[in-house]
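Here is what each chain is made of, one letter per residue.
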Amino acid sequence: MKTILRKVDPQQPDAAIIAEGAEILKRGGLVAFPTETVYGLGGNGLDSEACKGIYLAKGRPSDNPLILHISQISELRPIVREVPAAAQKLIDAFWPGPLTMIFPKADIVPDSVTGGLDTVAVRFPSHPVAMALIRASGLPIAAPSANASGKPSPTRASHVAFDLDGKIDMILDGGAAEWGLESTIVDVSVTPPMILRPGAITKEMMEPFVGEVTVDPAILQKPKEGLRPKAPGMKYTHYSPRAEVYLVRGEGVQAKINALTAQEKAAGKKVGVLATEESKDSYEADIVLSVGSRENLEEVGANLFKVLRKFDFLEADTVYAEVFPLEGEGLAIMNRLQKSAGYRFIEAKGEEK
């Protein structure tokens, strides 16, 4: 398969290019497109075969649910059984935007979208290209992140092409994604609502509208054997470059990373460090990449996947990463970093966990 690449203005996408992508979706093909979070890999969310094609192109396990994307509120009712009161409040506050909600699903939604669950994840993205493509197709678009399964999510069209060129029909290149981390996922089919994946819309932002919001403990824990994931990314190793990634925490992080770096370099390994602007000049590794300032966690989130992919490009064998606070967007950053590292921590003054 030859993958078509089309550049589009992210604010005023060309109608003819959008129509070309929409026709591909209508006939069961796959189109990668930008959203405000990351690039998505879209297929007809009501077509079981198109959804199976998404899993195949990504190499994604079929029990890992997909998210249905809509372009206006009226498109929600046909694909869900009910809209709880808390969900309506979150819709009014945060849609369109980087928030996915899990609802009881309507019968029209195929099991290939939900991983066989009786709930469905739905999002109304705010990116003009995404909204135009959904609207032109007249379909709810099933779209996970447009990367090979397990790899860092793509924040640029070049990342999509690196993973999926020749496996999908089209890539719409709308430039860099703004947020750089996938949407927050909150389950509104339960009371109180529960965050299953942290993102730009935080617990602290939601609670003024709906009261208590809980956080699934699995967000910062290694998934238990036999877990049936209710939301994308809950069960499987994810966001991982080819290098072995370790998270280093505690007092004396910089000294510990430099000591580990010396050991790895003596063994002939090419070592990378995921650092911040405040610490990047303190390291002695072969590759030191900054994700931004600790004073700006939105910047860190926006840069995280790009930096993880760059370690691949620069052929790092081992990557040591600093850790971040668990408040606000820091929770989303640490969720992704822990999955990237396979939950491997090294204590700066202790043994590997």
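How each quantity is defined
Residues numbered from 1 in each chain as written. Predicted model: local features only at pLDDT ≥ 70, side-chain atom pairs only at ≥ 80, totals over all residues. Heavy atoms only, no water. Helix = DSSP H or I, 4+ residues; strand = E, 2+ residues; numbered from the N terminus. Rg over C-alpha atoms; globule rule 2.2 N^0.38 Å. Buried < 20%, exposed > 50% of the residue type's maximum accessible area, 1.4 Å probe, protein only. Contact = heavy atoms within 4.5 Å. Areas by Shrake-Rupley, 256 points an atom, 1.4 Å probe, with all protein chains shown as cover. Phe/Tyr/Trp six-rings, centres within 6.5 Å; stacked < 30°, edge-to-face > 60°. Lys NZ or Arg CZ within 6 Å of the ring centre and 35° of its normal. Expected span 1.5 Å × (residues − 1). Bend = angle between axes of the 7 residues up to and from the residue. Salt bridge = Lys/Arg side-chain N within 4 Å of Asp/Glu carboxyl O. Pairing = 2+ DSSP bridges. Axes fitted to C-alpha atoms, helices over the stretch in contact; angles between N-to-C directions. 1 Å grid on protein atoms, 1.4 Å probe; cavity = no way out; pocket = protein on both sides within 12 Å on 5 of 7 lines; lining within 4 Å. Points joined across faces, edges and corners; volume = space filled by probe spheres on them. Nonpolar A, V, L, I, M, F, W, Y, C, P; charged D, E, K, R; others polar.

**Quick look at the overall build of the chain**
Phase 1: A count of helices and strands for the chain gives 10 helices and 16 strands.
Phase 2: The C-alpha atoms of the chain give 20 Å as radius of gyration, which agrees with the globular expectation for 353 residues (20 Å, within 12%).
Phase 3: Structurally, the chain occupies a C-alpha span of about 60 × 50 × 35 Å along its principal axes.
Phase 4: In the chain, which comprises 353 residues, the proportion classed as buried is 58%.
Phase 5: Sequence-distant contacts in the chain: of pairs separated by 6 or more residues, those separated by 24 or more amount to 69%.
Phase 6: Accessible area of the chain: about 14300 Å², with a carbon and sulfur share of 50%.

**Quick word on the packing of aromatic side chains**
Phase 1: Per the stated rule, a full pass over the model turns up three aromatic pairs.
Phase 2: Taking 5.4 Å as the distance between ring centres and 80° as the angle between the ring planes, the aromatic pair formed by Phe 94 and Phe 209 counts as edge-to-face. Here Phe 209 lies in helix H7 (residues 203-210) and Phe 94 lies in helix H3 (residues 85-94), a separation of 115 residues in the sequence.
Phase 3: With relative accessibility at 11%, the residue Phe 94 sits in the buried group.
Phase 4: Judged by its relative accessible area of 42%, Phe 209 falls in the partly exposed class.
Phase 5: One residue, Arg 294, lies across the ring of Phe 324, its end atom 4.7 Å from the ring centre.

**Structural notes on helix H9 (residues 297-313)**
Phase 1: Taking 1.5 Å per residue, 17 residues should reach 24 Å; H9 reaches 24 Å between its end C-alpha atoms and fits that length.
Phase 2: Asn 303 marks where H9 bends most, by close to 40°.
Phase 3: Across the 17 residues of H9, 12 count as buried, placing the element largely inside the fold.
Phase 4: For H9, the full list of buried residues reads Leu 297, Val 300, Gly 301, Ala 302, Asn 303, Leu 304, Phe 305, Val 307, Leu 308, Arg 309, Phe 311 and Asp 312.
Phase 5: Each element contacted by the buried residues of H9 is listed here: helix H6 (157-164), strand E13 (271-275), strand E14 (287-290), strand E15 (318-321) and helix H10 (330-340).

**Regarding the pattern of salt bridges**
Phase 1: Evaluation of the coordinates by the stated rule reveals 14 salt bridges.
Phase 2: Measuring nitrogen to oxygen at the nearest pair gives 2.8 Å for the salt bridge that ties Lys 203 to Glu 207. With a gap of four residues between them, Lys 203 and Glu 207 both fall in helix H7, about one helical turn apart.
Phase 3: The class for Glu 207 is partly exposed, based on a relative accessible area of 26%.
Phase 4: Here Arg 294 makes a salt bridge to Glu 322, at a shortest N to O gap of 3.1 Å. Residue Arg 294 is located in the loop between E14 and H9, and its partner Glu 322 is located in the loop between E15 and H10; the two are separated by 28 residues in the primary sequence.
Phase 5: Given the relative accessible area of 32%, Arg 294 is considered partly exposed.
Phase 6: Glu 322 gets classed as buried once you look at its relative accessible area, which sits at 5%.

**Quick notes on the sheet that holds strand E6 (residues 119-123)**
Phase 1: The strand order E1-E8-E2-E3-E7-E4-E6-E5-E9-E10-E11 describes an open sheet built from 11 strands, whose pairing is mixed. The strands lining the two open edges of the sheet, one partner per strand, are strand E1 (4-7) and strand E11 (214-215).
Phase 2: Relative to strand E10 (residues 194-197), strand E9 (residues 184-187) runs antiparallel, the two sharing three bridges. Along E10, the bridge assignment pairs Val 186 with Ile 195.
Phase 3: Against the sheet, helix H1 (residues 15-26) engages E1, strand E2 (31-34), strand E3 (39-44), strand E7 (141-142) and strand E8 (170-173), with an angle of about 150° to E8.

**Observations regarding the layout of surface pockets**
Phase 1: Considered as a void within the structure, the largest pocket measures approximately 240 Å³ in volume.
Phase 2: Forming the walls of the largest pocket are Lys 151, Pro 152, Ser 158, His 159, Phe 162, Asp 163, Arg 242, Arg 309, Lys 310, Asp 312 and Phe 313.
Phase 3: Mapped onto the lining of the largest pocket, the elements with two or more residues apiece are H6 and H9.
Phase 4: Classifying every residue of the lining of the largest pocket gives three nonpolar, two polar and six charged.

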